[in-house]
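Overview (structure and organization)
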Amino acid sequence: MTVVAVLGGPGAPGATSSALALLLSWPLRPGRRVLLVECDPDGGAVLAGALEGRVEAVYGLRNLAVADRRGLLAETLWEQLLDVSPQGTGERLLLPGLTDPAQAPGLAYTWEPLVEALHALEPQGYDVLLDLGRSGANGPMAVLPRRADVVAATVRTTLRGLSAARPRIAALREDLDAHGTGSDGLGLLLVAEGPYPESEVSRQFRLPVLGALTHAPRTARVLSDGGDTTDRRFIRSELMRTARTTADRIQDLAAARRRRLGGPQPPPQQQPVQPPPVQQQPVQPALPPQQVQAPQPVPPFVAGPVAGPAYPQQPQPPAYQQQPYQQQQFQQQFPPQGAGQFTGEWPIRVEAPQISYAAPHIAPPAVPQPPAPAPFPGQAGPDGADGEEVWRAR
């Protein structure tokens, strides 16, 4: 999993629009998903911007503070997501940000558990984008860029934009070297508005350029103020093409850093291993027939939901030492395969989700699995739904 923090600055360099462009253009292999989290302490902009106010502002980051105090952060996280996939496939998700900057102090103790919960999505095949806004790298939120694989500082290539970004990026570099995993994951995400070329900006800041997004105000307005993201002219625009190139560079840098830091790597090809020589073990006396009990079947658990860790693999006492009430409790905790419990594969859709007009999200089912997020505004419901209209962004 790749965690990318997109940082803005003074003068509105376009961090949120750049993060949305990365979300819609992020390359996804089969089974992979990408999640954008609006962490801007000054308030989120996607609900009133790209979604044009068509989604009720009752879901989002602000609900996680109370859930964290109750120990339900990971479970509540899934209830706040919106599906912004153009086809409604649930591959591109959004966690809306705050609706009022006054809500930011209530999340002071939630940022660190939140980043831990986001890193726990790695077994589920998630990449995470964090929109930090202009103030998201300071104070209690500094843990977000420190724990990120890549930090992309959005800068406009104008004299005003470069001058405002220089001291902020210098302070961020020192903080990552002192408290993070190093500043080698810090790079520039340029908005090519001014006359300064990439090579000159990279030399002056002594940082690599992760990408240079084309300055296209008409296309960028779809990301900032709403529009049809399924239009071919938008998908094939120069802005989205440069966003796809930027996403590839970010993934390459994240993979290189993980190799250097010794992070999780793809499993290497298995080499044939010669079996060890068989050693003669002393024969244990057989148990009396009346004390031998058949082991209980245990369902496979590959990657559990974020709501909690995998079932602990604790050693069980021998079968002849287990009491009947312990066996009954063990059967209740691990029912046989096929009893309707979670099998480790996500997502599982048993039936068509019922989506209402007032609540654009899908309530979690009774089984402990992460629910499917709500569809993107304006998307038609699946076959077999109740027929109500579901919003979709134009």
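Going by the structure above, here's the rest.
Here is what the cut-offs are and how they apply
- Residues numbered from 1 in each chain as written.
- Predicted model: local features only at pLDDT ≥ 70, side-chain atom pairs only at ≥ 80, totals over all residues.
- Heavy atoms only, no water.
- Salt bridge = Lys/Arg side-chain N within 4 Å of Asp/Glu carboxyl O.
- Helix = DSSP H or I, 4+ residues; strand = E, 2+ residues; numbered from the N terminus.
- Buried < 20%, exposed > 50% of the residue type's maximum accessible area, 1.4 Å probe, protein only.
- Phe/Tyr/Trp six-rings, centres within 6.5 Å; stacked < 30°, edge-to-face > 60°.
- Lys NZ or Arg CZ within 6 Å of the ring centre and 35° of its normal.
- Pairing = 2+ DSSP bridges.
- Contact = heavy atoms within 4.5 Å.
- Axes fitted to C-alpha atoms, helices over the stretch in contact; angles between N-to-C directions.
- Expected span 1.5 Å × (residues − 1).
- Bend = angle between axes of the 7 residues up to and from the residue.
- 1 Å grid on protein atoms, 1.4 Å probe; cavity = no way out; pocket = protein on both sides within 12 Å on 5 of 7 lines; lining within 4 Å.
- Points joined across faces, edges and corners; volume = space filled by probe spheres on them.

Section: the pattern of salt bridges
- Considering all chains together, one arrives at 12 salt bridges under this definition.
- The partner of Arg156 in a salt bridge is Glu193, and the shortest N-O contact between them spans 2.7 Å. Of this pair, Arg156 sits in strand E6 (residues 150–156) while Glu193 sits in the loop between strand E7 (186–192) and helix H7 (198–205), and the two are 37 residues apart along the sequence.
- Using a relative accessible area of 21% as the deciding quantity, one classes Arg156 as partly exposed.

Description of the packing of aromatic side chains
- The full count for this structure, using the stated rule, is one aromatic pair.
- Consider the rings of Trp78 and Tyr126, whose centres lie 5.8 Å apart with planes at 65 degrees: the pair is edge-to-face. Placement of the pair is Trp78 in helix H3 (residues 73–79) and Tyr126 in strand E5 (residues 126–133), with a sequence separation of 48 residues.
- We classify Trp78 as buried; its relative accessible area is 3%.
- With relative accessibility at 1%, the residue Tyr126 sits in the buried group.
- Over the face of the ring belonging to Phe205 we find Arg166, whose NZ or CZ atom lies 5.2 Å from the ring centre.

Digging into the sheet that holds strand E3 (residues 82–83)
- Judged by pairing direction, the sheet is mixed, and its eight strands sit side by side in the order E3-E4-E2-E5-E1-E6-E7-E8 without closing on themselves. The open sheet is flanked by E3 and strand E8 (209–214), the only strands paired with a single partner.
- Taken together, the six bridges between E6 and E7 define a ladder with parallel strand orientation. Residue pairing in the sheet places Thr154 in a bridge with Leu189 of E7.
- Helix-sheet contacts for helix H6 (residues 159–179) involve strand E1 (3–7), E6 and E7, and the interaxial angle to E6 is about 165 degrees.
- The sheet contacts of H7 involve E7 and E8, and relative to E7 the element is tilted by about 145 degrees.

A closer look at H6
- When the terminal C-alpha atoms of H6 are compared, their 30 Å separation across 21 residues agrees well with the 30 Å that a helix rising 1.5 Å per residue should span.
- At Arg166, H6 shows its largest bend, some 30 degrees, and a proline, Pro167, comes one to four positions later.
- For H6, the set of buried residues is Gly161, Leu162, Ala165, Ile169, Leu172, Arg173, Asp175 and Leu176.
- The secondary structure elements touched by the buried residues of H6 are E1, helix H5 (143–147), E6, E7 and H7.

Here we look at empty space enclosed by the protein
- Taken as a whole, this structure holds four cavities of 30 Å³ or more when the rule is applied.
- Estimates place the volume of the largest cavity at around 180 Å³.
- Around the largest cavity, the lining comprises 19 residues; the ones closest to its centre are Pro10, Pro13, Thr154, Gly161 and Ala165.
- Taken together, the elements giving at least two residues each to the lining of the largest cavity come down to E6 and H6.
- A total of seven residues in the lining of the largest cavity trace back to one element, the largest contributor, which is H6.

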